[in-house]
Amino acid sequence: MASITLDKLVKQFAGQTVLQSLSLHVPDGAFFTLLGPSGCGKTTLLRCIAGFHEPDAGRILFDRDDVTTTPAHRRDIGMVFQDYALFPDKSAFDNVAYGLRARGVRGDEMRRRVGDALDKVGLHALASRLPAQMSGGQRQRVALARALVIRPRVLLMDEPLSNLDAKMRLQMRDVILDLVREANITTVFVTHDQEEALAMSDQIALMERGAVAQLGSPEALYATPDNAYVADFIGSANVLPVTVTSVDAGGRLRYRFAGCEFDGTPGDGVDRGEARLIARPEELSLTAASPSVANGIEGKVLRRQYLGAKTAYRIAIADAAELRVELPSGHAAGGIQTGAQVQVLIPERSRVVAA
Amino acid sequence: MMRLDIRWWPWGVLTLLSLVLVMFFVFYPLGVLFANSVRGEGGEWSLASFAQLASDEDYRAAFRNSLVLGATVTALSIGVGVPFAYMVARYDFPLKNLVAILPILTIVIPEIIVGQSWLLVFGNNGLVTNAFAALGIELPSFYGWTGMIFSMTLVYYTYIYLGVLAALRGFDGQLEEAGLSLGTPPLTTRLRVLVPVVLPAVLVNALVVFTLVVGNFAISMLLGSRVPLLSVMTYNTFVSEMGGSPMLQSAMSMISIAIVAVVLFLQKRVIERKMYTMTQGRAPAAERVGSWQAMAFTGAVGIVVVLSMLPLLVVFLAAFTETSGPVMKWGQWSIGSLARVLGNSPEPIWNSLKFASMATVIGVIFAVLSSYLIIKKKNLLTQWLDYLLVLPLTISGTVLGIALIQSFNAGWIVLAGTSAIMVLCYTVRRLPFAVRNASSTLFNIPDSIEEASISLGVSPLMTLFKVVLPAMRASIASAAILMWLTTVSELSASIVVYTGGLETMPIAIFRQVDGGRLGLASAYGAALVTVILLPIVVAVKVFRIQLFSSR
């Protein structure tokens, strides 16, 4: 177990900066997720931590040990790969035993630990199978057991669920969480799936072009996104260009959109002038077109989409903008049909962030 | 990512070592050859030897003949290979599975055995020749164009057949259905859709066949007797210039290389312009055919398989046939030839085994290491290694032999006259095949399994031994077998570099045929075929190795 500290990491490939002076701290024992679209540098960052890439500048610390120049095989990490990376000619047992043998663990102790590890992932009966004779989910379990059996200081996982089908993916989330919680091991988990990140993590670092866009708990990232990129990547959000007219010290803010004034909640560092309103579809509500109410904006229902538990509305509002509103299907407004004139209520808690 | 960003230990050092070896044993000999070709009698810079060749009527005839032979055999190979491939890909008929054996036969049966056995059938005093003579019919002479074209077509059509078969099997049947649905009639559709797919495969492999025919030594030498050909003339010039200044042989070698270079250039053009990649290769199912058609197809396959296998049979028959001097007494059995070969002069057998096994071990180790560096540790240096390792493919065996003997017969490394030069020439000649074989598997081994091993605490160098090599052991075995059977039957380069005491089986066969002792030649032939087939049978039956699957 160890905390991980990244200090101003820089990594370039062929002149292209992939990590731009990135600093992060992963607390001891945390389940920490690097989230972001492809090309944002999350895998590069993970591979720097693993030691497969050497950063061009900056330091990597496990606890207080500087491992920046330590070769990968001496970092005492466990790693789970996207394609599982099982040794094709070795049985499940030998795959799991590989790291123990490399550490000089032999005989009964080795067999006991491999047996325990396979037990924990529910594969005891398949110990003698070759990778080619196992399903994707089973291979992933072997890969997990192989990484955990050596009791590494940190566990690194590179999109481990992306090759599984949807159902198995949900199941494996629990398997992974149970195992790492039990081992109480610091885990860095890379994914591009925001739902996976929200469901599994203690902390998420959402990355954008080689830098951290926002760091925080899943709740914080969803409820208080710092900018439109974060809001859009995590969950879905309506983002409208607005003009802030006043910000007061009490945490209240007024903004203007399409000639009307609204009350809102200021995000970090927002000031008067151009800004972005971030409104989650489920924060918004609909009401009759008249009489006009505070924080309401007129619109016309372009399409009503019934989605089972909820109903989604596409509403055209002023300035050729559109809003997406989601209401529980049993809601009173459920009867609103395509073509109806309505008012969309934007709650005061909707955040206005810097443009 | 082609940066010169090299970690010197261990891969950088190994890359450098491989590069130095390849530079010294492949690139340097070609340089020596080139230097000798542009030198006059006194060692001055001169194009005299090229001028001499240009004015030599015999050489011009040989040049013409080689090109004509190449074109003829290529055309005939296309004529046999393309319909054959189409038949096998698109139709289903009795005994069709027999065709699977064809590509193996071509690799397994040495050219010298093919040439020799057709001599035993159609040559003076051949089986068929004698049978017809007994009926009072005199067959036209098999020596010269007839024999060469016939035997070479039987050897080389498989290249076209395999290439076209692969193209047809990778062909998306939906394209044909799309054509039909758009309203073109079936035959037109087939031609319009299939031809662009098959044509590049035909062209590319036709160029390969052409270079192989022009560089062919064994069959040309045995059957070509009165027809002057480049490869034979180059060899003869080498023999007659022995000890003197190697001007003419070098110039001839350079011209042979130039022919191959031109062909390779054309091939690259063809590949770049004409190759389409099928996005989705679901070949249409083979169609069952009616009775008369089935008989015709089965018959055609039967004839081709029998003709391809015949050399094996004939060589064993002849090895056990009574001989008296050059005369084969067909029908009278005897173990005299075998007894004389095994009892009195078994040296070529031991030499072949020794040289081929050493070349196989060295070649496989080097091929595995260098393809690992080329594929898994890409950088500028390994790129160069990759280019250099293809070089031996562009040189015919005769030319390679001449280059090696010119480079290592004097100076600070003298290999001529030692076993080392035989092993060297085997290794260099067949290395490209072994590299290709190892590379194809390495491509399919994901980088992540190496990283997994490293993350588990095993150093990169040990990872190569504990993870990568075990994962590719099947392909190492098949590379070794391929290396073994192509080196043990190598003739054209080794006959140039060998000296007394270094004779191998193919060389012995060649010399016995040359001396008219077909019985002894056949005994050596039988021994050669045995040492080729044994490891294959063992590999396939005992170790269940899938040979030739990666082709």
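Rules and cut-offs
- Residues numbered from 1 in each chain as written.
- Chains lettered and ligands numbered in written order.
- Predicted model: local features only at pLDDT ≥ 70, side-chain atom pairs only at ≥ 80, totals over all residues.
- Heavy atoms only, no water.
- Domains from an automatic or database assignment.
- Pairing = 2+ DSSP bridges.
- Helix = DSSP H or I, 4+ residues; strand = E, 2+ residues; numbered from the N terminus.
- Contact = heavy atoms within 4.5 Å.
- Axes fitted to C-alpha atoms, helices over the stretch in contact; angles between N-to-C directions.
- Parallel < 35°, antiparallel > 145°, perpendicular 65-115°, else oblique.
- Buried area = accessible area lost by both parts, 1.4 Å probe.
- Salt bridge = Lys/Arg side-chain N within 4 Å of Asp/Glu carboxyl O.
- Polar contact = N/O pair within 3.5 Å; in protein donor to acceptor, adjacent residues only side chain to side chain.
- Buried < 20%, exposed > 50% of the residue type's maximum accessible area, 1.4 Å probe, protein only.

Asks: What is the right way to look at the domain arrangement of chain A in this model?
Replies: Many descriptions give the size of an interface as the accessible area lost when the pieces come together. What the domain assignment reports for chain A is domain 1 (4-223) and domain 2 (236-354). The centre of domain 1 of chain A, based on its C-alpha atoms, is set 40 Å off from the matching centre of domain 2 of chain A.

Asks: Even after reading the chapter, I still don't get the sheet that holds strand 1 (residues 4-13) of chain A, so can you show me in this structure?
Replies: Within a sheet, each strand pairs with its neighbour through backbone hydrogen bonds, oriented either parallel or antiparallel. Residues and elements named next belong to chain A. Here four strands make up an open sheet; going across it, the order is 2-1-4-5 and the pairing antiparallel. In this open sheet, the two strands that pair with only one neighbour each are strand 2 (16-26) and strand 5 (65-66). Pairing of strand 1 with strand 2, which is carried by seven bridges, proceeds in the antiparallel orientation. Bridge assignment links Gln 12 to a residue of strand 2, and that residue is Thr 17. The strands that helix 1 (residues 42-50) touches are strand 1, strand 2 and strand 4 (57-62); relative to strand 1, the one it contacts most, it runs at about 115°.

Asks: Hey, could you run me through the packing of helix 1 (residues 8-37) of chain B against helix 17 (residues 397-408) of chain B in this one?
Replies: How two helices pack is summed up by the angle between their axes together with the distance between the axes. Residue and element names in this part refer to chain B. Viewed as axis vectors pointing N to C, helix 1 and helix 17 meet at an angle of 90°, and their least axial separation amounts to 8 Å. By the angle between their axes, helix 1 is roughly perpendicular relative to helix 17. Contacts between helix 1 and helix 17 involve Phe 24, Phe 25, Tyr 28, Pro 29, Leu 30, Val 32, Leu 33 and Asn 36 from the first element and Val 399, Ile 402, Ala 403, Leu 404, Gln 406, Ser 407 and Phe 408 from the second.

Asks: I keep staring at the domain arrangement of chain B and nothing clicks. Help me out?
Replies: Residue and element names in this part refer to chain B. The domain architecture assigned to chain B consists of domain 1 (60-319) and domain 2 (333-551). Taking only C-alpha atoms into account, the centre of domain 1 sits 24 Å from that of domain 2. Together, the buried faces of domain 1 and domain 2 total about 3000 Å²; carbon and sulfur atoms form 79% of this surface. Summed over the shared surface of domain 1 and domain 2, the result is zero salt bridges. Joining domain 1 to domain 2, the criterion identifies four residue pairs in polar contact (both at pLDDT 80 or more).

Asks: Explain the sheet that holds strand 6 (residues 77-80) of chain A to me, please; I cannot follow it from the model alone.
Replies: All names here are of chain A. The six strands lie next to each other as 6-7-8-3-9-10, forming an open sheet whose pairing is mixed. Every interior strand has two partners, whereas the edge strands, strand 6 and strand 10 (211-216), have only one. Adjacent strand axes in the sheet meet at a mean angle of 20° when their direction is disregarded. In terms of strand pairing, strand 3 (residues 31-35) meets strand 9 (residues 203-208) through four bridges, oriented parallel.

Asks: Just to check I follow, could you spell out the interface of chain B and chain A for this structure?
Replies: Listed as interface residues are 20 residues of chain B and, on the opposing side, 22 residues of chain A. Here chain B meets chain A over a buried area of about 1900 Å², counting both sides, of which 61% is carbon and sulfur. Of all residues in chain B, Glu 451, Ser 455 and Leu 456 of chain B give up the largest surface area on contact with chain A, accounting jointly for 34% of the area buried on that side. At the boundary of chain B and chain A, one finds one salt bridge. Here Arg 47 of chain A makes a salt bridge to Glu 451 of chain B, at a shortest N to O gap of 2.5 Å. Linking chain B with chain A are five residue pairs in polar contact (both at pLDDT 80 or more).

Asks: Mind showing me how you'd approach the pattern of salt bridges here?
Replies: Opposite charge on two side chains allows them to pair when their charged atoms are near. Residue and element names in this part refer to chain A. Using the criterion set out here, one finds 32 salt bridges over all chains in the structure. Across the pair Arg 111 and Asp 108 runs a salt bridge whose closest N-O atoms are separated by 3.0 Å. You can see Arg 111 and its partner Asp 108 sitting in helix 3 (residues 107-120), three residues apart, about one turn around the helix. Classification of Arg 111 by relative accessible area gives partly exposed; the value is 45%.

Asks: Can you walk me through unusual backbone geometry in this structure?
Replies: Glycine aside, negative phi is the norm for most residues, and most peptide bonds take the trans geometry. Residue and element names in this part refer to chain A. Of note in this structure, Arg 209 is not a glycine but carries a positive phi near 45°. Turning to its location among the elements, Arg 209 is positioned in the loop between strand 9 and strand 10. For Arg 209, a relative accessible area of 62% translates into the label exposed. If you check the backbone angles, Asp 319 has positive phi at about 60° while not being a glycine. Looking at the element boundaries, Asp 319 is found in the loop between strand 17 (310-316) and strand 18 (322-328).

Asks: I tried to follow the pairing of strand 14 (residues 273-279) of chain A on my own but got confused; where do I start?
Replies: Regular strands have side chains that alternate between both faces of the sheet. All names here are of chain A. Where strand 11 (residues 238-248) meets strand 14, seven bridges bridge the pair, whose relative direction is antiparallel. Residue pairing for strand 14: Val 239 is matched across the bridge by Ile 278. Two strands pair when backbone bridges link them, and strand 14 and strand 20 (residues 351-354) are joined in this way by four bridges, in the antiparallel orientation. Among the inter-strand pairings, Leu 277 is bridged to a residue of strand 20, identified as Val 352.

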